[in-house]
Amino acid sequence: MTTGVTNLDKSIELTNVWLKDILDQLQWQSKKRAYQALRGTLHTLRDRLRIEEAVQLSANLPLVIKGMYYDGWTLRDKPEKLHKEEFVRTVHKQFNFDEKINPEEVVRAVLRVMYKHMGEGELGDVRSNMPADIQELFPQEIKLKQ
């Protein structure tokens, strides 16, 4: 099924590729879970970043994922001063704290998929804007900007 709008169709295709890559990374079967992983990680990243950096990150996202990224965003009290434990707990909340879900593994998988599709540039900037303990979640291939 297509929308007949080329940009939307391409974005839907690309979103499905990202979700499939998350499924592969986590060895899951549920697209709904992959969506929750992507949404939870993106929202938590977005809310931890300074507003300018959050907007820059969105510029590198496919249209459909960009809409997911901005869904429900408010500028009040940003950035949220989360550290690693709070960061992964916020992502885990997307799964109603399901004990079968390892939220740190989920975050790492989503960040690997983002790295695969976005490269080091913007994701390196995002990493450098995080505290050291959250930087540990990012793929090791990303070099810190000096």
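Here, every reference points to the structure presented above.
Residues numbered from 1 in each chain as written. Predicted model: local features only at pLDDT ≥ 70, side-chain atom pairs only at ≥ 80, totals over all residues. Heavy atoms only, no water.

Asks: Tell me what's going on with a nonpolar patch on the surface, and back it up with residues and numbers.
Replies: On the surface, V5, L8, I12, L63 and V64 cluster together into a nonpolar patch covering about 360 Å² of accessible area. Within the residue set of the nonpolar patch, elements represented by two or more residues are α1 (6-26) and α4 (63-70). Relative to the helices and strands, V5 resides in the segment before α1. A relative accessible area of 40% places V5 in the partly exposed class. (Patch = residues over 30% accessible without salt bridge, like charges linked within 9 Å, V, L, I, M, F, W, Y side chains within 5 Å. Areas by Shrake-Rupley, 256 points an atom, 1.4 Å probe, with all protein chains shown as cover. Salt bridge = Lys/Arg side-chain N within 4 Å of Asp/Glu carboxyl O. Helix = DSSP H or I, 4+ residues; strand = E, 2+ residues; numbered from the N terminus. Buried < 20%, exposed > 50% of the residue type's maximum accessible area, 1.4 Å probe, protein only.)

Asks: I'd like a description of the nonpolar core, backed by residues and values.
Replies: Counting 40 residues, the largest nonpolar core has L38, M114 and F138 as its most contacted members. Those elements that place two or more of their residues in this core are α1, α2 (31-48), α3 (51-58), α4, α5 (84-93), α6 (103-118) and α7 (120-128). With 8 residues, the single largest contributor to this core is α6. When near neighbours in sequence (up to four residues on either side) are disregarded, L38 contacts W18, L19, I22, I65, M68 and V110. (Core = buried A, V, L, I, M, F, W, Y, C linked by side-chain atoms within 4.5 Å. Contact = heavy atoms within 4.5 Å.)

Asks: An account of the packing of α2 against α6 is needed here, citing residue identities and associated values.
Replies: Look at α2 against α6: their axes get within 9 Å of each other, and the N-to-C directions meet at 85 degrees. Between α2 and α6, the crossing angle belongs to the class labelled roughly perpendicular. Counting all contacts with α2, which are made through A37, L38, T41, L42 and L45, the residues of α6 involved are V106, V107, V110, L111 and M114. Along the lines of polarity and charge, the residues of the contact of α2 with α6 split into 9 nonpolar, 1 polar and no charged. (Axes fitted to C-alpha atoms, helices over the stretch in contact; angles between N-to-C directions. Parallel < 35°, antiparallel > 145°, perpendicular 65-115°, else oblique. Nonpolar A, V, L, I, M, F, W, Y, C, P; charged D, E, K, R; others polar.)

Asks: Describe the pattern of salt bridges, listing the residues and the values that go with them.
Replies: Applying the stated criterion to the full structure yields 10 salt bridges. Its salt-bridge partner being D98, residue R33 comes within 3.1 Å of it at the nearest N-O pair. Separated by 65 residues along the polypeptide, R33 in helix α2 and D98 in the loop between α5 and α6 bring together distant segments of the chain. Overall, the relative accessible area of 29% leaves R33 in the partly exposed class. You can call D98 buried: its relative accessible area is 17%. Measuring nitrogen to oxygen at the nearest pair gives 2.9 Å for the salt bridge that ties D47 to R46. Across this residue pair, the class does not change: D47 and R46 are buried. Among the charged side chains, a network of salt bridges with common partners joins K84, E104, R108 and E136.

Asks: Describe α4, listing the residues and the values that go with them.
Replies: Residues three or four positions apart in an α-helix share a direction because the helix packs 3.6 residues into each turn. For α4, the complete set of buried residues consists of I65, M68 and Y69. The arc enclosing the buried residues of α4, seen along the axis, measures out at 100 degrees, which places them on a common side. The elements touched by buried residues of α4 are α1, α2 and α3. Taken from the residues just after α4, G72 is the one with a positive phi, measuring 80 degrees. (Arc of directions from axis to C-beta.)

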